[in-house]
Amino acid sequence: MSEFTRYGTTIGCIGGLTIGVVLMWTKTAIKPSDVALLGFLWGVSFFSGLTIGWEMFILDSSSQIFSQGMIVGMSIGGFLGGLFTALLLQHYRLLNNWLNILLVTIGWLVALFSGSFFIFGFNLFVGIPIGFVFALIISGIIIGTVGSSIMFWQMR
């Protein structure tokens, strides 16, 4: 397992827990056990996606393939995590039809794709440690804003 897969799994768990906590604060129907479940499912989603992305990199160890593999892996993680989140929201009747479920899932996919593209799609930050930290912060803002905006829009 790659270092990125381990870090990605940890980030997925933290992201899922954050989504769950915010949902629990805004929608009292969400139980603490489901917050933990979301953390676990987002971790599994990122693990699955980044494992696939890492395998793409192993096949061709060029830096371009690494970036593409990480973008694909995080996008798969966003899709799976978004699907699990949408299904949990549907279980609590916060999403009322399959279109809402689909839009929440696609929203998290787009969020993770655009956020990971910001980090791995540009080689602006190579050799600048503070630049990479800046890219991670901006990426997190993009992911959180896009994914949660679409999710809460569909829950209204």
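Predicted model only: the values in this text are computed from it and were never measured. (Residues numbered from 1 in each chain as written. Predicted model: local features only at pLDDT ≥ 70, side-chain atom pairs only at ≥ 80, totals over all residues. Heavy atoms only, no water.)

## Points about the overall build of the protein
What the protein contains, in helices and strands, is five helices and zero strands. Scanning the protein from its N terminus toward the C terminus, one meets helices and strands in the order α-α-α-α-α. Among the 156 residues that make up the protein, the fraction classed as buried is 41%. For the protein, contacts bridging at least 24 residues in sequence account for 67% of all contacts bridging at least 6. Total accessible area computed for the protein in this model is approximately 8,400 Å², and 74% of it derives from carbon and sulfur atoms. (Helix = DSSP H or I, 4+ residues; strand = E, 2+ residues; numbered from the N terminus. Buried < 20%, exposed > 50% of the residue type's maximum accessible area, 1.4 Å probe, protein only. Contact = heavy atoms within 4.5 Å. Areas by Shrake-Rupley, 256 points an atom, 1.4 Å probe, with all protein chains shown as cover.)

## Description of helix α1 (residues 3-26)
Taking 1.5 Å per residue, 24 residues should reach 34 Å; α1 reaches 35 Å between its end C-alpha atoms and fits that length. Among all positions in α1, only Thr-5, Gly-8, Thr-9, Gly-12, Gly-16, Ile-19, Gly-20 and Leu-23 are buried. (Expected span 1.5 Å × (residues − 1).)

## Overview of the nonpolar core
Residues Leu-23, Trp-108 and Met-151 are the most contacted members of the largest nonpolar core, which totals 27 residues. Mapped by element, the contributors of at least two residues to this core are α1, α2 (32-59), α3 (63-91), α4 (98-121) and α5 (129-155). It is α4 that provides the largest number of residues to this core, a total of seven residues. (Core = buried A, V, L, I, M, F, W, Y, C linked by side-chain atoms within 4.5 Å.)

## Things to note about the confidence of the model for the protein
The predicted model of the protein averages 85 in pLDDT, with 87% of residues at 70 or higher. Averaged pLDDT values for the elements of the protein fall to 85 in α5 and rise to 90 in α4. (pLDDT = per-residue confidence, 0-100.)

## Considerations on unusual backbone geometry
One non-glycine residue, Arg-93, lies in the positive phi region at around 60 degrees. Following the sequence through the fold, Arg-93 ends up in the loop between α3 and α4.

## Re the side chain of Ser-139
Checked against the element boundaries, Ser-139 lands in helix α5. Side-chain polar atoms of Ser-139 contact the backbone oxygen of Gly-115, separated by 2.8 Å. Look past the residues within four positions of Ser-139 in its chain and what remains in contact with it is Gly-115, Ser-116, Phe-118 and Ile-119. (Polar contact = N/O pair within 3.5 Å; in protein donor to acceptor, adjacent residues only side chain to side chain.)

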